[in-house]
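Survey of secondary and tertiary structure
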Amino acid sequence: MELTEKSRKWFIATLLLGTFTMSISQSSLSTAYPTFMRYFNLPASTIAWLTTGFMLIMSVVMPLSPWLMKNFRFKPLYLTLLVNFVVGTLIIIWAPNFLVMMLGRLMEGFSVGVLFPSYQSIILEITPTSQRGTVMGTVGLVMGSALAVGPIISGVLLQFFPWEAIFAFFLITLTIVFLLALKTVVSPLKIESTKFDFVSVFMSLGIIGLLYFINELSHMTSCSYLNWIILVVSLILLVLFVRRQLRMPQPLLRLDILSILNFDLGVALTSLSYMSLITVTIIMPLYYQQILGLTPLWSGLALVPAAAVLSWLNRRSGRLADRIGFKPVIMIGFGLFIIGWAALLLLSGLKNVWVAILCSIIIESGNAFAMMPATTLGANSLTNDLIPHGSSIIATIRQIMGSTAIVIATVVLGDKNFNGVFLTFLILEIIAIFLVFKIKDTKKVPVTA
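Reference entry: report on the structure contained in this document. (Residues numbered from 1 in each chain as written. Predicted model: local features only at pLDDT ≥ 70, side-chain atom pairs only at ≥ 80, totals over all residues. Heavy atoms only, no water.)

Regarding the packing of helix H1 (residues 5-27) against helix H6 (residues 74-93)
- Axis separation between H1 and H6 bottoms out at 12 Å; the angle between their running directions is 30 degrees. Taken together, the axes of H1 and H6 lie roughly parallel to each other. Crossing of H1 against H6: the hand is left-handed. Taken together, the residues of H6 that come into contact with H1 (itself represented by Phe 11, Thr 14, Leu 15, Gly 18, Met 22 and Ser 25) are Phe 74, Tyr 78, Leu 81, Leu 82 and Phe 85.
- The class makeup of the residues in the contact of H1 with H6 is 8 nonpolar, 3 polar and no charged. (Axes fitted to C-alpha atoms, helices over the stretch in contact; angles between N-to-C directions. Helix = DSSP H or I, 4+ residues; strand = E, 2+ residues; numbered from the N terminus. Parallel < 35°, antiparallel > 145°, perpendicular 65-115°, else oblique. Left-handed = near helix turned anticlockwise from the far one by under 90°. Contact = heavy atoms within 4.5 Å. Nonpolar A, V, L, I, M, F, W, Y, C, P; charged D, E, K, R; others polar.)

What to know about a positive patch on the surface
- Side chains of Lys 9, Arg 315, Arg 316, Arg 319 and Arg 323 sit close together on the surface and give a patch of like positive charge.
- Looking at the positive patch, the element that brings in the most residues is helix H15 (residues 304-324), giving 4 residues.
- For Arg 316, the location among the structural elements is in helix H15.
- A relative accessible area of 36% means that Arg 316 is categorised as partly exposed. (Patch = residues over 30% accessible without salt bridge, like charges linked within 9 Å, V, L, I, M, F, W, Y side chains within 5 Å. Areas by Shrake-Rupley, 256 points an atom, 1.4 Å probe, with all protein chains shown as cover. Salt bridge = Lys/Arg side-chain N within 4 Å of Asp/Glu carboxyl O. Lys, Arg positive; Asp, Glu negative; His and termini not counted. Charge placed at Lys NZ, Arg CZ, Asp CG, Glu CD. Buried < 20%, exposed > 50% of the residue type's maximum accessible area, 1.4 Å probe, protein only.)

With respect to the pattern of salt bridges
- Using the criterion set out here, one finds 3 salt bridges in the structure.
- When the shortest N-O distance is used, the salt bridge between Asp 197 and Arg 244 registers 3.0 Å. In this pair, Asp 197 is assigned in the loop between helix H9 (164-184) and helix H10 (198-203) and Arg 244 in helix H12 (residues 225-247), connecting sequence segments 47 residues apart.

Observations concerning the environment of Ser 65
- Relative to the elements of secondary structure, Ser 65 occurs in helix H5 (residues 65-71).
- For Ser 65 and His 389, which are 324 residues apart along the polypeptide, the C-alpha to C-alpha distance reads 8.0 Å.
- Residues contacting Ser 65, with those up to four places away along its chain left out, are Val 114, Pro 117 and Ser 118.

Below is the structure:
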């Protein structure tokens, strides 16, 4: 379907507004944990399932995205995901107990899990290759800034309103998005009816088990036999899932594209970039509170400068990638990561909030130059029919690596060992630089997996 420039921009804007709001829901609840603990009279470990459960369901439905996009027109699919999220949000607002609240939260996670790979695929599909850097820069703005903005918005709302206001914010915004989508969203992809593979879906549940194990690692003991059993079963399921996808004529997920080296490097680099971003948004509020003595509200507000710079840089880094190529831009990004983490490590002894904020700005600036350019360069290594599968693989692996980063940071942090966290991620991003040298800078590689 041919779109005019104006209709394409409205289409993309509506997608991004919906995705931004849903993305905020992923990171916004951490600020509200103490409020939920008092309201439901539950420990922090139980309340944390509002985020953990959300991430688990989100990760397991991501591989379904290519099949859904192939078998359903995008506009009805997008509207359905919005309605599902809104219904889940209403359930949360009116929840009489924590279990009902979890049901609503899982419904939200389902919508986000399907939408994350889908909207990137659609945007890449309707955007000319020469403009992909700029447009995907905007996508990076949405993903990166939403992750950073979530705790800020919830912190401000909780200062003046009860916790239901957080979800009311989602509700109002997505109702507006739904009304916009009725007029601006179209279905640009051809529909091709294929059989739904229930066996593959069952095997993909290994992703939930793997993520559960990763999230439990930080407080496991030598007697946590059940967790090790879950890990073994999950790995067996994932091995069977991979084998099945490689042998089927019409797999649920085209894992054979992992034989394309440039795509693999794109996946690795976008994951390594995301690991730094999610770590800095979680670790720095703790640093501000535990080392610098800031209140929770001010520790959230201290994230604003970095989030603002990240948002400002994303589109500019995309335009720069369209002009000079993706590889130099990615190199700039990982260079900034290294400078930021090294500065935090060397200057943390100063215990100065402005120094910490400046270092956070440098790290999040690195994400603006690294994550979406790496994603786009990896996608450009695929033919258009494989992009939905590529987007789903990138989103799933990025989610797993994000969870892994949180666990690594938590384990290394221990009892306020912030320098250990700074050093760990400095080493990680130094390793990433060597991968940047290997990735090929290309506008479009006509490769068929």
